[in-house]
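# A look at the structure
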Amino acid sequence: MKNQAIFERAQLSIPGGVNSPVRAFKSVGGTPRFIARAEGAYIWDVEGTQYIDYLGSWGPAIVGHSHPEVVKAVQEAAANGLSFGAPTEAEVLLAEKISELLPSIEQVRLVSSGTEATMSAIRLARGFTNRRKIIKFEGCYHGHSDSLLVKAGSGLLTFGNPSSAGVPEEFVSHTIVLEYNNLDAVKQAFAEVGNDIACVIVEPVAGNMNLVKPKAGFLEGLRDVCTQYGALLIFDEVMTGFRAGPKGVQGLTGIKPDLTTLAKVIGGGMPVGAFGGRRDVMQCIAPLGAVYQAGTLSGNPVSVAAGLKTLEILCRPGFYEKLTATTSALVAGLREKAAKHGVTFSADSVGGMFGIYFRESVPTSFSEVQDSNVEAFKVFFHAMLEEGVHLAPSAFEAGFVSACHDEAVLARTFEAADKAFAKVAAM
């Protein structure tokens, strides 16, 4: 088996054999597939096996893999040079496009990853407010910077504890971790230490504990309490930006954050990130202000070219209507197949994102997500993989649909799910 041979070889030179932990299949078991190429809704591994792909590079492949227009844009940009360490006009065009599509962003700074975007946004919030503490929510992932690698404390308002070795307790001592969708806990935290809270950072629709939507009034409540206490509200739309809808979750809800972080879709599959928001806040960033942030590859011309072309395609008439309808049809079909076999199962979606849960109802918090039947997911995951359907290798990750997932792709997916749910029922 070539996948197994490469995995064994990789472990000699790469920790765990992978360059991002979830790729190692540790939560589901088995051997990861080493991908050789991708096109449209499909990927092929090194053994030549074709899979319908619902991972989509963890979200960026919204127009489909290897879209000819995106590939052409990348080729043309690369031919003129891979990196300059100097500004380009294309950077300005991408910044203008982001601000046009997300009106809450008056100015934007390009970076190279989602982690860099969220790290920089939090530093900016602290610098702008001259405050130390931040609020994040259990189950929301905002990258691997030190102050965000934190798990909830033992009490409602205790500060978090490091969730990774190598992060001193002092680094997370100003991070308050609260339950997602629990607005009362947020209000209580502000009542106790609100004058030292710089920001609240939230995935407005969570995608890193599987897909979890905000309850009615939750995001509105965050906006109100931040305004009341002079803290900044940061929407982490690294995953949902231009994936949940043409204006992200802020466009769907009408809620205006002070800062927004982006990545994934805005790079069209190339490494890129961004953070932006209110002009008065953004002008605290160097070279205008005292908050320092820099990056050699920020605004990389090849990544910018891919992002510009991807955003152009997304803006074409009917794009999101079709994408949303396809994703809705996917989760409806999966629910139907699960019910046929008597498997406890639920599913949900927003735009081109979806979540599947082996529990009776759609979860609203991290603790509810953890109530899912993980063993059932493992059986389902491997059964789908055997039938040629590639899902995220974790029960705690959202899935993604592209514009290339058509009725024929869904029909094949449902055939695979019918067999997979039968195996789950036989557990």
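Throughout what follows, the structure given in this document is the object of discussion. Here the structure is a predicted model, which is why all the values come from computation and not from measurement.

## Remarks on the overall build of the chain
A count of helices and strands for the chain gives 13 helices and 16 strands. Relative to its length of 427 residues, the chain is compact, with a C-alpha radius of gyration of 21 Å against a globular reference of 22 Å. Projected onto its principal axes, the C-alpha coordinates of the chain cover approximately 55 × 55 × 50 Å. Counting over 427 residues, the chain shows a buried share of 55%. In the chain, once contacts between residues fewer than 6 apart in sequence are set aside, the share between residues at least 24 apart is 71%. Total accessible area computed for the chain in this model is approximately 17,900 Å², and 53% of it derives from carbon and sulfur atoms.

## What about helix H13 (residues 407-425)?
Taking 1.5 Å of rise per residue, the 19 residues of H13 would be expected to cover 27 Å, and the 26 Å separating its terminal C-alpha atoms lies within 8% of that figure. Val409, Leu410, Thr413, Phe414, Ala416, Ala417, Asp418, Ala420, Phe421 and Val424 are the residues of H13 that are buried. Structurally, H13 contributes buried residues whose contacts are with strand S2 (42-45), strand S3 (50-53), helix H10 (319-340), helix H12 (374-386) and strand S15 (389-390). Near the N-terminus of H13, the side chain that reaches the backbone nitrogen of Ala408, with its oxygen 3.2 Å away, is that of Asp406.

## Digging into the pairing of strand S12 (residues 273-277)
For S12, the buried fraction is high: five of the five residues fall into the buried class. What you see with S12 is no split at all: Gly273, Phe275 and Gly277 on one side and Ala274 and Gly276 on the other are buried throughout. Looking at chain direction, strand S4 (residues 107-111) and S12 are connected through five bridges and run antiparallel. Within S12, the residue paired with Val111 across the bridge is Gly273. Pairing of strand S11 (residues 259-263) with S12, which is carried by five bridges, proceeds in the antiparallel orientation. Looking at S12, one finds that Thr261 is bridged to Phe275.

## Considerations on empty space enclosed by the protein
A complete count under the given rule lists four cavities of 30 Å³ or more for this structure. The computed volume of the largest cavity comes to approximately 90 Å³. Forming the boundary of the largest cavity are 13 residues, of which Phe354, Ile356, Glu397, Ala398 and Gly399 lie nearest the centre. Take the lining of the largest cavity: its biggest share by element is three residues, from strand S14 (residues 353-357).

## Digging into the nonpolar core
Counting 65 residues, the largest nonpolar core has Tyr54 and Phe242 as its most contacted members. With eight residues, the single largest contributor to this core is H13. Once residues lying within four places of it in the same chain are set aside, the contact partners of Phe242 are Ile62, Leu101, Leu102, Gly248, Leu262, Val265, Ile266, Leu311, Leu314 and Tyr320. Tyr180, Ile197, Cys226 and Ala231 belong to the second largest nonpolar core, which has 37 residues in total.

## Some details on the pattern of salt bridges
Under the counting rule described, the total for this entry stands at 15 salt bridges. Linking Glu100 and Lys97 is a salt bridge whose minimum nitrogen-to-oxygen distance equals 3.6 Å. On the criterion of helical spacing, the pair formed by Glu100 and Lys97 is a turn pair, its members being three residues apart in helix H3 (residues 89-101). For the salt bridge of Asp418 with Lys340, the shortest nitrogen-to-oxygen distance reads 3.1 Å. Highlighted residues: Asp418 in helix H13 and Lys340 in helix H10, separated in sequence by 78 residues. According to the relative accessible area criterion, Lys340 is exposed, its value standing at 55%.

What counts, and at which threshold
Residues numbered from 1 in each chain as written. Predicted model: local features only at pLDDT ≥ 70, side-chain atom pairs only at ≥ 80, totals over all residues. Heavy atoms only, no water. Helix = DSSP H or I, 4+ residues; strand = E, 2+ residues; numbered from the N terminus. Rg over C-alpha atoms; globule rule 2.2 N^0.38 Å. Buried < 20%, exposed > 50% of the residue type's maximum accessible area, 1.4 Å probe, protein only. Contact = heavy atoms within 4.5 Å. Areas by Shrake-Rupley, 256 points an atom, 1.4 Å probe, with all protein chains shown as cover. Expected span 1.5 Å × (residues − 1). Polar contact = N/O pair within 3.5 Å; in protein donor to acceptor, adjacent residues only side chain to side chain. Pairing = 2+ DSSP bridges. 1 Å grid on protein atoms, 1.4 Å probe; cavity = no way out; pocket = protein on both sides within 12 Å on 5 of 7 lines; lining within 4 Å. Points joined across faces, edges and corners; volume = space filled by probe spheres on them. Core = buried A, V, L, I, M, F, W, Y, C linked by side-chain atoms within 4.5 Å. Salt bridge = Lys/Arg side-chain N within 4 Å of Asp/Glu carboxyl O.

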